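Here's the letter readout for the chains.
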Amino acid sequence: WLMLVSSVCVLILSAILLWPTWREYRKVRKLSADSMSHDHWVARGAIEDLTFMGPRASSAVPTLIRVMSEHPDSFTRFLAAESLGAIHSYPDIVIPSLTSALRDENDDVREGAAHALGLFGPLATSAVPELVAALREHRIYDPDAECLRMIDPEVATSFLKSREHIDNGLVPKP
C-alpha cells in the first residue's frame, strides 16, 4: 500500500514539475510552425515571440534558418536572422547560415545577419573574412564595425584604420 501511495505521489509531483516545460515545448513547436507561414504577419509575430524566449527556443533554430534563407518576405528573413542571434544556440550550424545571409539580396537581412554574428562573439571567428568583405563592399552599413568588434576587436581596429586611410585618400580605393 505504502509503495502504491508513494508511486502515485511521485507521478503527481512529476506532472506538476514538468507541466511548464511541456507547455513551453508545445509553444515553441507552434511558433516554429507559424514562422513558416506565408502570411508575413503571422510569421513575424511568431518569430518575435521566439526571439523573446531566447535560448529556451533553441529547438526552433532549424526552422528559423530555413525562414531566413527561404521566406519570400525580406523583413521576415531579417527577423529570423536577429532571432538566431538572440536564441544563441547551435553555433556550429547557425554561424555558417548567418555568414551565407551576408550575401542576401536585401540590405536588412544582411544587417540582421551581421548583428546576429556579432552576438555570437568569438564563436563567430569563422565569419570574420566574409564580414570584413561585406563591410568593405558596403553590403552592410556599420560605420563603427561594431559587429566585427564583438567578434574580434583587433581585426575591427585594423579594418577601421585601413578604411580611414582609404576615406582620407591616403590609399587608392580598390
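Look up: the structure comes first, before these words.
To keep things clear, this report deals only with the structure shown in the data block. (Residues numbered from 1 in each chain as written. Predicted model: local features only at pLDDT ≥ 70, side-chain atom pairs only at ≥ 80, totals over all residues. Heavy atoms only, no water.)

## A word on helix α7 (residues 128–136)
Here's step 1: Of all 9 residues in α7, 7 are buried, a share of seventy percent or more.
Here's step 2: Taken from the residues just after α7, His138 is the one with a positive phi, measuring 60 degrees. (Buried < 20%, exposed > 50% of the residue type's maximum accessible area, 1.4 Å probe, protein only. Helix = DSSP H or I, 4+ residues; strand = E, 2+ residues; numbered from the N terminus.)

## Things to note about the packing of helix α3 (residues 61–70) against helix α4 (residues 74–87)
Here's step 1: Contact geometry for α3 and α4: axes closest at 7 Å, N-to-C directions at 145 degrees. Where α3 crosses over α4, the two elements pack in a sense that is left-handed. Where α3 abuts α4, its residues Val61, Leu64, Ile65, Val67, Met68 and Ser69 lie against Thr76, Arg77, Ala80, Ala81, Ser83, Leu84 and Ile87.
Here's step 2: Looking at side-chain class alone, the contact of α3 with α4 contains 9 nonpolar, 3 polar and 1 charged residues. (Axes fitted to C-alpha atoms, helices over the stretch in contact; angles between N-to-C directions. Left-handed = near helix turned anticlockwise from the far one by under 90°. Contact = heavy atoms within 4.5 Å. Nonpolar A, V, L, I, M, F, W, Y, C, P; charged D, E, K, R; others polar.)

## Focus on unusual backbone geometry
Generally, phi is negative for residues other than glycine and the peptide bonds are trans, each holding for most cases.
Here's step 1: With a phi close to 55 degrees, His88 is a non-glycine residue in the positive phi region.
Here's step 2: Within the secondary structure layout, His88 lies in the loop between α4 and α5 (91–101).

## Focus on the pattern of salt bridges
Here's step 1: This model, assessed by the stated rule, comprises 9 salt bridges.
Here's step 2: With a shortest N-O distance of 3.2 Å, Glu70 and Arg66 are connected by a salt bridge. You can see Glu70 and its partner Arg66 sitting in helix α3, 4 residues apart, about one turn around the helix.
Here's step 3: Judged by its relative accessible area of 51%, Glu70 is exposed.
Here's step 4: Note that Glu105 and Arg77 form a salt bridge whose closest N and O atoms lie 3.9 Å from each other. In this pair, Glu105 is assigned in the loop between α5 and α6 (107–119) and Arg77 in helix α4, connecting sequence segments 28 residues apart.
Here's step 5: Residue Arg77 is classed as buried on the basis of its relative accessible area, which comes to 5%.
Here's step 6: A network of salt bridges, in which partner residues are shared, links Arg103, Glu130, Glu137 and Arg139. (Salt bridge = Lys/Arg side-chain N within 4 Å of Asp/Glu carboxyl O.)

## Points about the nonpolar core
Here's step 1: Within the largest apolar cluster, 44 residues are counted, with the highest numbers of intra-cluster contacts made by Leu50, Leu64, Leu84, Leu98, Leu117, Leu131 and Leu148.
Here's step 2: Apart from residues lying up to four places away in sequence, Leu117 is in contact with Ile95, Leu98, Thr99, Leu102, Ala124, Ala127 and Ile151. (Core = buried A, V, L, I, M, F, W, Y, C linked by side-chain atoms within 4.5 Å.)

## Quick look at the side chain of Ser83
Here's step 1: Assignment of secondary structure puts Ser83 in helix α4.
Here's step 2: In this structure Ser83 touches Ile47, Leu50, Thr51 and Leu64, once residues within four positions along its chain are discounted.

## Considerations on the packing of helix α2 (residues 40–53) against α4
Here's step 1: Two elements in contact, α2 and α4, have axes separated by 9 Å at closest approach and are oriented at 10 degrees. For the element pair α2 / α4, the angle class is roughly parallel. At the point where α2 passes α4, the crossing takes the left-handed sense. Residues His40, Ala43, Arg44, Ile47, Glu48, Leu50 and Thr51 of α2 touch α4, and the partners they reach there are Phe75, Thr76, Leu79, Ala80, Ser83, Ala86 and Ile87.
Here's step 2: Residue classes in the contact of α2 with α4 are distributed as 8 nonpolar, 4 polar and 2 charged. (Parallel < 35°, antiparallel > 145°, perpendicular 65-115°, else oblique.)

All quantities given are derived from atomic positions and should not be read as evidence of function.
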